[in-house]
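Architecture and fold: a report
Chain residues, written in single-letter form:
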Amino acid sequence: MVWRPYVSFNIWSQFASSVGQEYWHCDMKRGFSRARKKESLVKALLQQDTIPQHIGLQAQKGIYEFHQNIQLLHQLDGVEIVAEKLKLDQEPIEVKQRVIKILTNYHQEPILCEKNIIKLSRGDEGIPEPILIQQGNYFFNLFVALDCIFIESDNVLHILDFKTGTSNFDRRQAFVYLLAATYMFPGQKAVASFYNLETSKWSEPITATDAQLKAIQSKLAQIAQEHQKELGRYKQNPSAFAEIFPANPGIPCRNCQFTSICKFHLLEVSA
């Protein structure tokens with residue numbers, strides 16, 4: 001396999017936060033998760049889901065289980081059966097309570113029940129197959145993990161992303177999905193949307209013009225280049241880690257999985 005520069009929405013979001021969420025952004029987090037991911041301590045932390053990440057994964061598995069046996073959505077004990085499949089009784093109390101609430105919400109309002117679903121992920125399938133993209137003379141791989149795809153009654157492709165928690169929807173993610181759709185389903189009209197499984201809030205359908213998708217593709221090519229440039233700078237000079245990936249101690253530390261190994265977090269606490 002030919003190695004190529006790569007990018008994903010996750011990498012994009014680590015380069016630049018969404019509008020209004022700048023105070024949560026920390027470049028050093030990207031440094032740990034991208035440049036130092038093979039170090040033993042960092043690798044161990046990356047293998048442990050945070051509570052929000054684990055809730056999102058269990059919720060996704062729960063929706064998948066409902067649609068593997070659609071009858072569960074019509075049974076009074078459907079939620080209990082899925083909770084047992086997910087082994088929620090072995091989970092921390094916060095995870096158990098929030099996922100049970102999600103399952104109950106979905107059991108009461110199964111938004112995909114009558115949909116023509118062509119893809120529904122469990123959320124733990126691993127790294128998806130890359131999409132090869134050419135931007136001028138530059139080639140890069142785009143990695144996109146899609147939660148759900150269904151066909152609307154008017155034959156429009158609908159890409160749906162499940163959310164949990166209270167974070168706002170990021171339209172950039174929808175645009176990346178729509179760009180991916182042009183490669184995965186050429187010529188097919190598509191929309192993208194977000195659905196919060198905890199609040200039962202559904203975003204408006206998001207579309208993109210050809211010009212918008214070209215701009216997104218150009219932006220992703222730029223990020224792929226910058227990503228490789230940063231990784232190269234760190235590889236050549238590991239001692240410059242904090243300069244290449246500057247820390248932003250404070251609010252971003254609250255949900256950061258690297259606080260136990262980040263010296264800037266310790267400095268912020270002792271101040």
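Our subject is the structure that appears above.
Before going into details, it helps to say that this report is about the structure given with it. Because the structure is predicted, anything quoted here is derived from the model rather than measured. Residue numbers restart at each chain and count upward from 1, following the sequence in its written direction. Per-residue local features of the predicted model are confined to residues with pLDDT of at least 70, and side-chain atom pairs are confined, for both listing and counting, to 80 or more; whole-chain, interface and lining totals are unaffected and use all residues. To get the side-chain values, take all heavy atoms of the structure and skip hydrogens and water.

Note on geometry: axes are C-alpha line fits, over the in-contact stretch for helices, and angles between N-to-C directions span 0 to 180 degrees. Here a strand is any run of E in DSSP of at least two residues, a helix any run of H or I of at least four, and the numbering for each starts at the N terminus. Orientation of helix α5 (residues 78-85) relative to helix α6 (residues 93-108), taken along the N-to-C sense of each, is 140°, at an axis distance of 10 Å. One element, α5, and the other, α6, form an angle in the oblique class. The hand of the α5/α6 crossing is right-handed. Each of G78, V79, V82 and A83 in α5 lies in contact with α6, whose residues at this interface are I100, L103, T104 and H107. Considered class by class, the residues forming the contact of α5 with α6 number five nonpolar, three polar and no charged. An angle below 35 degrees is read as roughly parallel, one above 145 as roughly antiparallel, one from 65 to 115 as roughly perpendicular, and any other as oblique. Here a crossing is called left-handed whenever its near helix is offset anticlockwise from the far helix by less than a right angle, and right-handed whenever the offset is clockwise. The contact definition used throughout considers only heavy atoms, calling two residues in contact when any of these lie within 4.5 Å. Side-chain classes follow a simple rule in which Ala, Val, Leu, Ile, Met, Phe, Trp, Tyr, Cys and Pro form the nonpolar group, Asp, Glu, Lys and Arg form the charged group, and the remainder, Gly included, forms the polar group.

What follows deals with the nonpolar core. What makes a nonpolar core is a set of buried Ala, Val, Leu, Ile, Met, Phe, Trp, Tyr and Cys residues whose side-chain atoms join them at distances within 4.5 Å. Per-residue accessibility, obtained with a 1.4 Å probe over protein chains only, is compared with the maximum for each type, and a residue is labelled buried under 20%, exposed over 50%, and partly exposed between these values. Membership of the largest hydrophobic core comes to 35 residues, with the highest contact counts inside it found for V7, F140, L142 and L220. Looking at this core element by element, the count peaks at eight residues for helix α7 (residues 171-184). When sequence neighbours within four positions are dropped, the list of residues in contact with F140 reads P5, V7, I131, L132, I133, Q135, Q217, L220, A221 and A224. Of all hydrophobic cores here, the second largest spans 26 residues; its members include I63, L72, L86 and C148.

Let's shift gears to the sheet that holds strand β3 (residues 131-135). Spatial ordering of the open sheet is given by β1-β4-β3, a layout of three strands whose pairing is mixed. Edge positions in the sheet fall to β1 (6-8) and β3, since each has one partner strand and no second. Along the sheet, successive strands turn relative to each other by an average axial angle of 35°, direction set aside. Note that β3 and strand β4 (residues 138-143) share five bridges and pair antiparallel. From the neighbouring strand, Q135 faces β4, where its bridge partner is Y138. Contacting β3 and β4, α7 runs over the sheet at an angle of about 100° to β3. Each of β1, β3 and β4 is contacted by helix α8 (residues 210-236), which is oriented at about 95° to β4, the strand it contacts most. Any two strands between which DSSP finds at least two bridges are classified as paired.

Along an α-helix, residues three or four apart share an orientation, since each turn contains 3.6 residues. Looking only at α5, the buried set comprises G78, V79, V82 and A83. For α5, the buried positions fall inside an angular range of 130° around the axis, keeping them on one side. In this fold, the buried residues of α5 make contact with α4 (51-68) and α6. Directly after α5, the chain includes K87, whose backbone phi takes a positive value near 55°. For this quantity, the arc is that covered by the directions from the helix axis to the C-beta atoms.

The subject of this paragraph is the state of the cysteines. Cysteine sulfurs are considered disulfide-paired once they come within 2.5 Å of each other. Tallying each qualifying case throughout the model produces zero disulfides. With no disulfide of its own, C256 lies 6.5 Å from the sulfur of C26, the closest cysteine sulfur. Exposure remark for C256: the relative accessible area of 18% places this residue in the buried category.

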